[in-house]
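# Notes for the structure review
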Amino acid sequence: MTAHAPSPATVESESDLESLVRDIARLEGVVEAWPDEQQRLAVTALKNAVERLHREALRRMIRSVKVSPGGLAALKEAAADPIVLSVLEYHELLRAPRPSIEDRVRTALAEVRPSLEAHQGDVSLAQVRGDVVEVTLHGTCVNCPSSTITLTDGIEEAIKRHCPEIRSVVAVSSPAEERSNLVQLKSPFGKKRWARAALVSDVPDGDVLGVSVEGRAVLLSRKGGSVRAYRNACAHLGMPLDDGSIDGDVLTCDYHGFQYLLATGECLTAPEVQLQGFAVRIEAGAVLVRIDD
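What comes next is a walk through the structure. Along each chain, residue indices are assigned from 1 in the same order as the chain's sequence is written. With pLDDT at 70 or above as the cut-off, local features in this predicted model cover only qualifying residues; side-chain atom pairs require 80 or more to be listed or tallied, and sums for whole chains, interfaces and linings still use all residues. Processing note: side-chain calculations cover all non-hydrogen atoms of the structure and skip hydrogens and water entirely.

## Focus: the overall build of the chain
- Strands here mean DSSP runs of E at least two residues long; helices mean DSSP runs of H or I at least four residues long; both are numbered from the N terminus. From N to C terminus, the chain includes 7 helices and 13 strands.
- Note on exposure labels: buried denotes an accessible area under 20% of the residue type's maximum, exposed denotes more than 50%, and partly exposed covers the range between, all computed with a 1.4 Å probe on protein chains only. Here the chain, with 293 residues, has 30% of them falling under the buried criterion.
- Contacts: residue pairs with any heavy atoms within 4.5 Å of one another. Contacts in the chain between residues at least 24 apart in sequence constitute 49% of all its contacts with a sequence separation of at least 6.
- The Shrake-Rupley method, run with a 1.4 Å probe sphere, supplies the accessible areas, and residue values consider only the shown protein chains as cover. For the chain, the accessible area works out to roughly 18,400 Å², and carbon and sulfur atoms hold 55% of it.

Encoded structure:
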């Protein structure tokens, strides 16, 4: 009896495709973990060469099918199969219509919106002018001292990831937003009062503690008998800081690595911004912070 090589497995369903994709990802991970760079480069070169060969073969086949009677209809029918479609798209031989630049910008803004909304901020698309995108910041993002960083490191980065043809992103104000900002300005003569935040003993010496004071997220820092209070929000994208790491007097945000001096609130990563501080006083072993109404 003549031995035959096992026939290749047939991919019958999307679950089979997902399994193949997982296998490919696993093998790529194995290769990336090889310590020998020359071996990794050799495998990558082989992979690229095989892909170029397959792409050229598919391109010639598509060209022949298109000119055959009924070929275009047959090609469309074949491309309706998700596996065929995924391979053709991978080789850039059959691409779905690309969303408009406005739609891609809105998709990018949707990615950063949850972080902004968590701190009462938001962003919307104003217009696209050539290779420049104009966005409008809303809520706390408007007057935030770190709005420039939010725009460049958060919003602009997301937009350029989805729209590489965009050169720059700028923030513009809508008339309604400007009027709203004027109304929300607080008088320097507004009422101020002291609210209890925690016991001094509750704040670990040389560490920080996140507390809520009348709905305000406050970060307390203690060194010996001295306690300081800041808004518990990174000046970058407003993420909480109480889970950050501390090295001496330097607090590092766990989310994007921004660093602050706990003694002053100064940002070491971007000196143009700093933590918003609260006045503090100690009474009968309790930490009181001043709240502006």
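Anyway, onward from the coordinates.
## A closer look at the pattern of salt bridges
- Any carboxyl oxygen of Asp or Glu within 4 Å of a side-chain nitrogen of Lys or Arg constitutes a salt bridge here. Scanning the entire structure with this criterion turns up 12 salt bridges.
- Here Arg59 and Glu56 are joined by a salt bridge, their closest N and O atoms 2.5 Å apart. Residue Arg59 and its partner Glu56 are both found in helix α2 (residues 37-67); the two are separated by 3 residues, about one turn of the helix.
- On the basis of relative accessible area, Arg59 is assigned to the partly exposed category, the value being 31%.
- Look at Glu56 and you get partly exposed, because its relative accessible area is 25%.
- One salt bridge in this structure joins Glu134 and Arg129, with 2.6 Å as the shortest N-O distance.
- With relative accessibility at 11%, the residue Glu134 sits in the buried group.
- Via salt bridges that share partners, Glu56, Arg59 and Arg60 belong to a single interconnected network.

## A short note on the sheet that holds strand β9 (residues 250-252)
- An order of β8-β9-β10 is seen for the 3 strands of this open sheet, with the pairing classed as antiparallel. At either end of the open sheet lies a strand with only one pairing partner, and these are β8 (245-247) and β10 (259-261). Strand-to-strand, the axes of this sheet are offset by a mean angle of 25°, without reference to chain direction. Should DSSP find at least two bridges between two strands, the strands are regarded as paired. To define axes, lines are fitted to C-alpha atoms, for helices over the stretch in contact only, and angles between the resulting N-to-C directions are given on a 0 to 180 degree scale.

## Side note on the sheet that holds strand β5 (residues 208-213)
- Strand order in this open sheet of 4 strands is β5-β6-β7-β11, and the pairing throughout is antiparallel. Both outer strands of the open sheet, β5 and β11 (277-278), are each paired with one neighbouring strand and no more.
- Pairing geometry for strand β6 (residues 216-223) and strand β7 (residues 226-231), over 6 bridges, is antiparallel. Each residue of the ladder has a partner; that of Leu219, found in β7, is Tyr230.

## A few points about unusual backbone geometry
- A positive phi angle, close to 50°, is found at Glu214, a residue other than glycine.
- Topologically, Glu214 is positioned in the loop between β5 and β6.
- Overall, Glu214 belongs to the partly exposed group, its relative accessible area being 45%.

## Considerations on the packing of α2 against helix α3 (residues 71-79)
- Two elements in contact, α2 and α3, have axes whose closest approach is 6 Å; the angle formed by their N-to-C orientations is 130°. As judged from the angle between their axes, α2 and α3 are oblique. Contact residues: α2 offers Ile62, Val65 and Lys66, while α3 offers Gly71, Leu72 and Leu75.
- Counted by class, the contact of α2 with α3 contains 4 nonpolar, 1 polar and 1 charged residues. Here roughly perpendicular refers to angles of 65 to 115 degrees, roughly parallel to angles under 35, roughly antiparallel to angles over 145, and oblique to all remaining angles. Each residue is assigned to one of three groups, with Ala, Val, Leu, Ile, Met, Phe, Trp, Tyr, Cys and Pro labelled nonpolar, Asp, Glu, Lys and Arg labelled charged, and all others, Gly among them, labelled polar.

## Considerations on the nonpolar core
- Grouped together as the largest cluster of nonpolar side chains are 17 residues, with contacts concentrated most on Val105, Leu109, Val123, Val133, Ile155 and Ile159.
- Contributions of two or more residues to this core are made by α5 (101-117), β1 (121-129), β2 (132-139) and α6 (147-162).
- Top element by residues in this core is α5. It accounts for 6 residues.
- For Val123, the residues in contact, after removing those within four places along its chain, are Leu109, Val112, Arg113, Leu116, Val135, Thr136, Leu137, His138 and Ile155. Joining through side-chain atoms within 4.5 Å is the link that ties buried Ala, Val, Leu, Ile, Met, Phe, Trp, Tyr and Cys residues into a set, and such a set is a nonpolar core.

## Here we look at α5
- Residue count minus one, scaled by 1.5 Å, sets the expected span of a helix. Look at α5: 24 Å from first C-alpha to last across 17 residues, which is about the 24 Å you get at 1.5 Å a residue.
- Two axes are fitted around each residue, one to the seven residues ending there and one to the seven starting there, and the angle between them is reported as the bend at that residue. Bending of α5 peaks at approximately 35° at the position of Glu111, with proline Pro114 no more than four residues after it.
- Ile101, Arg104, Val105, Ala108, Leu109, Val112 and Leu116 are the residues of α5 that are buried.

Fair warning: the whole summary comes from geometry, so function is off the table for now.
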